[in-house]
Each structure stands twice: as C-alpha cells, then as structure tokens.
Amino acid sequence: MKLLKITLTIAIMSLFSSLVSAKEMPQRLGVGIKNNTSESLPSLAAVYHLNGLTAVTGGIGVDTQKDNSKFQINAGIRHVIFHENQLHYYAGGQLGLVTFEDPIDGKENGFEANFLMGVEFFFTGLENVGFSFEGGLGLSSVKDTRIRTLADDPFRAGIIFYF
C-alpha cells in the first residue's frame, strides 16, 4: 500500500511538473539530424511541437552504396514530462521501416518500434538549436526479430534547428 501511494504521488507530480518554468515551444518546427536506428544510419529529422507538451517527429535516411544500400523512414511522438528553461525531459515512441542490402544475404527489410526517453537541451544564447539524447528499448524485425537497448552518446546526439 505504501508503494502504491509513493507511485501515485510521483505520477501526479510528473503530470503537473511540466507546467512550471517551461521554455515555450508550441507550434515550432525544427529540422536537423539524428541517428537512432538499428542500422546506424544518420538521418534528416524533423520535429513539430503541437503544443507545449506534445511533439511529432520524423526522419529519413538514405545510403545508395552499391551492394550495401540502406534506407529508413520513421515517425514518432513525444510527450514532455518535465520542462526547464533550457531543457525538456520527454518520453515517446517511434515506428519505422528499414531496408538494407549486403553482398552476401541480399536485400533485407523490416520494421522498428522504439520506446524512448530523452532530453533535449538548449544553450543560453542558442535558443533555436536543440541537442537531444535518447535512450530506451527497441524492437526490430530486420533479419531476425530482436529487442535491444538504445542509448545515445555525445557523438550521436540529435541536433535540431527550430524556426
């Protein structure tokens, strides 16, 4: 019973914490780069904030290398759990299609479903440039069905410029 009370208290605090000290992002479009697919393919990315709490995301990556081509496209949604002036902590999901080929196995394709938690932060003086790090779990059906953990390092951070 005590654990239930603590869990409910944390959940309620999480819901209302996003109303405090928020960087205003409603109806802002951002474009940039990210790299969070199972085939490690850098992608052009877009983020559109519908309101202060919800954003939709998308990305597309292409590599036309002969006998080793790759393509991926994805779409997702984010919900901001916690705002600060220079930081958004969010959770969300992403669905995508992946296709690639290699000289031995030929073409392979499948889908990905990623369940993510992430942080997007802004440096003072660069309020239109967001840097994001994401982590979570991914389900991939490319070649074999597998579950994997996801985590960005500083060299795989997403960089988005907001208009």
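Residues numbered from 1 in each chain as written. Predicted model: local features only at pLDDT ≥ 70, side-chain atom pairs only at ≥ 80, totals over all residues. Heavy atoms only, no water.

## What to know about the environment of Ile-77
Item 1. When you line up the elements, Ile-77 lands in strand E4 (residues 70-84).
Item 2. Each C-alpha atom, one on Ile-77 and one on Leu-95, is 9.3 Å from the other, the two residues being 18 residues apart in sequence. (Helix = DSSP H or I, 4+ residues; strand = E, 2+ residues; numbered from the N terminus.)

## Thoughts on the confidence of the model for the protein
Item 1. Looking at the protein as a whole, its pLDDT mean stands at 84, while 85% of the residues score no less than 70.
Item 2. Note on residues 16-22: pLDDT is under 50 here. Beyond four places in sequence and across chains, it has 12 contacts. (pLDDT = per-residue confidence, 0-100. Contact = heavy atoms within 4.5 Å.)

## A word on the nonpolar core
Item 1. Met-25, Ala-45, Val-47, Ala-55, Phe-122, Ile-160 and Tyr-162 together form the largest nonpolar core, which totals 7 residues.
Item 2. Counting residues per element, the ones that place at least two in this core are strand E2 (43-49) and strand E9 (158-162). (Core = buried A, V, L, I, M, F, W, Y, C linked by side-chain atoms within 4.5 Å. Buried < 20%, exposed > 50% of the residue type's maximum accessible area, 1.4 Å probe, protein only.)

## So, the pattern of salt bridges
Item 1. All told, the structure shown has 2 salt bridges when counted by the stated rule.
Item 2. The closest approach of N and O atoms between Arg-78 and Glu-120, which form a salt bridge, is 3.6 Å. With Arg-78 in strand E4 and Glu-120 in strand E6 (residues 106-121), this pair connects stretches of sequence that are 42 residues apart.
Item 3. For Arg-78, a relative accessible area of 9% puts it in the buried group. (Salt bridge = Lys/Arg side-chain N within 4 Å of Asp/Glu carboxyl O.)

## Describing the side chain of Ser-140
Item 1. Relative to the helices and strands, Ser-140 resides in strand E7 (residues 129-140).
Item 2. With relative accessibility at 1%, the residue Ser-140 sits in the buried group.
Item 3. Of the polar contacts made by the side chain of Ser-140, one reaches the backbone nitrogen of Val-142; its length is 3.4 Å. (Polar contact = N/O pair within 3.5 Å; in protein donor to acceptor, adjacent residues only side chain to side chain.)

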